[in-house]
Amino acid sequence: MSSPAASEHLHRAVELAVASVARGGGPFGAVVLTADGTAVEGANRVTAAHDPTAHAEVEAIREACRRSGSHELRGAVLYASCEPCPMCLASALWARVERVEFAAGRDDAARAGFDDAAFYEFFESPARRAMLPTAQHRHAEALAPFEAWQAHEQRTGY
């Protein structure tokens, strides 16, 4: 059972999703509650920005990181109006978000025409990799970016 604060943030994520629909966007909203208690909001901007990565969760994570001046959100909680897709989950992992809570589930989204089942299956089943084949083509310069990174003394680790 969610705490009253969690319920409030989930409610806000749902409000953001409904408002996004009213503006012609997708039905998704998100709130990142940072470790210091700051609530940062995001709404789906895929069609408005012509950007398939502009999901509500990613937008909220981007803004929270921008505001914090860091690429990490340790101790943060991501509240989403719907179960995050694999891309959004990966974004939360990369940002080191502590936990994700969501209102509607992936089946609810599918019934509304947002069926990400193939994407979930891609990561869950090696047989589905045919959807997006990947292949390594190793050559002499393959490690150059990593060598440059390791040699760069002023790098910001992550």
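Refer to the structure printed above.
Since the model is a prediction, treat every value here as computed from it, not as a measurement.

A. Focus on unusual backbone geometry. Although it is not a glycine, His50 sits at a positive phi angle of roughly 55°. Examined against the element boundaries, His50 turns out to sit in the loop between α2 (46-49) and α3 (56-68). Notably, Arg96 is not glycine yet its phi reads approximately 65°, a positive angle.

B. Examining the packing of aromatic side chains more closely. This model, assessed by the stated rule, comprises one aromatic pair. Look at Phe28 and Phe114: their rings are 5.1 Å apart centre to centre, the planes differ by 90°, and that puts the pair in the edge-to-face class. On the criterion of sequence distance, the pair formed by Phe28 in the loop between α1 (4-22) and β1 (29-33) and Phe114 in the loop between α5 (106-111) and α6 (117-124) is long-range, its members being 86 residues apart. Given the relative accessible area of 14%, Phe28 is considered buried. The aromatic ring of Tyr120 is capped on one face by Arg106, whose charged end is 3.6 Å from the ring centroid.

C. Layout of the side chain of Glu83. Residue placement: Glu83 occurs in the loop between β3 (77-82) and α4 (86-94). Glu83 gets classed as buried once you look at its relative accessible area, which sits at 18%. If we skip the residues at most four places from it in the chain, Glu83 touches Phe102, Ala104, Gly105, Arg106 and Tyr120.

D. Fine view of the pattern of salt bridges. Enumeration over the complete set of coordinates arrives at 11 salt bridges. Between Arg12 and Glu41 there is a salt bridge, with the nearest N and O atoms lying 2.7 Å from each other. With Arg12 in helix α1 and Glu41 in strand β2 (residues 39-43), this pair connects stretches of sequence that are 29 residues apart. On the accessibility criterion, Arg12 (31% relative accessible area) is partly exposed. Note on Glu41: relative accessible area 37%, which makes it partly exposed. Measuring nitrogen to oxygen at the nearest pair gives 2.8 Å for the salt bridge that ties Glu101 to Arg99. Taking relative accessible area as the criterion, Glu101 reaches 17% and is therefore assigned buried. Arg99 sits in the partly exposed class, given a relative accessible area of 36%. One network of salt bridges, in which partners are shared, links Arg12, Glu15 and Glu41.

Conventions adopted
- Residues numbered from 1 in each chain as written.
- Predicted model: local features only at pLDDT ≥ 70, side-chain atom pairs only at ≥ 80, totals over all residues.
- Heavy atoms only, no water.
- Helix = DSSP H or I, 4+ residues; strand = E, 2+ residues; numbered from the N terminus.
- Phe/Tyr/Trp six-rings, centres within 6.5 Å; stacked < 30°, edge-to-face > 60°.
- Buried < 20%, exposed > 50% of the residue type's maximum accessible area, 1.4 Å probe, protein only.
- Lys NZ or Arg CZ within 6 Å of the ring centre and 35° of its normal.
- Contact = heavy atoms within 4.5 Å.
- Salt bridge = Lys/Arg side-chain N within 4 Å of Asp/Glu carboxyl O.

Treat this as a map of the structure, not an account of what it does.
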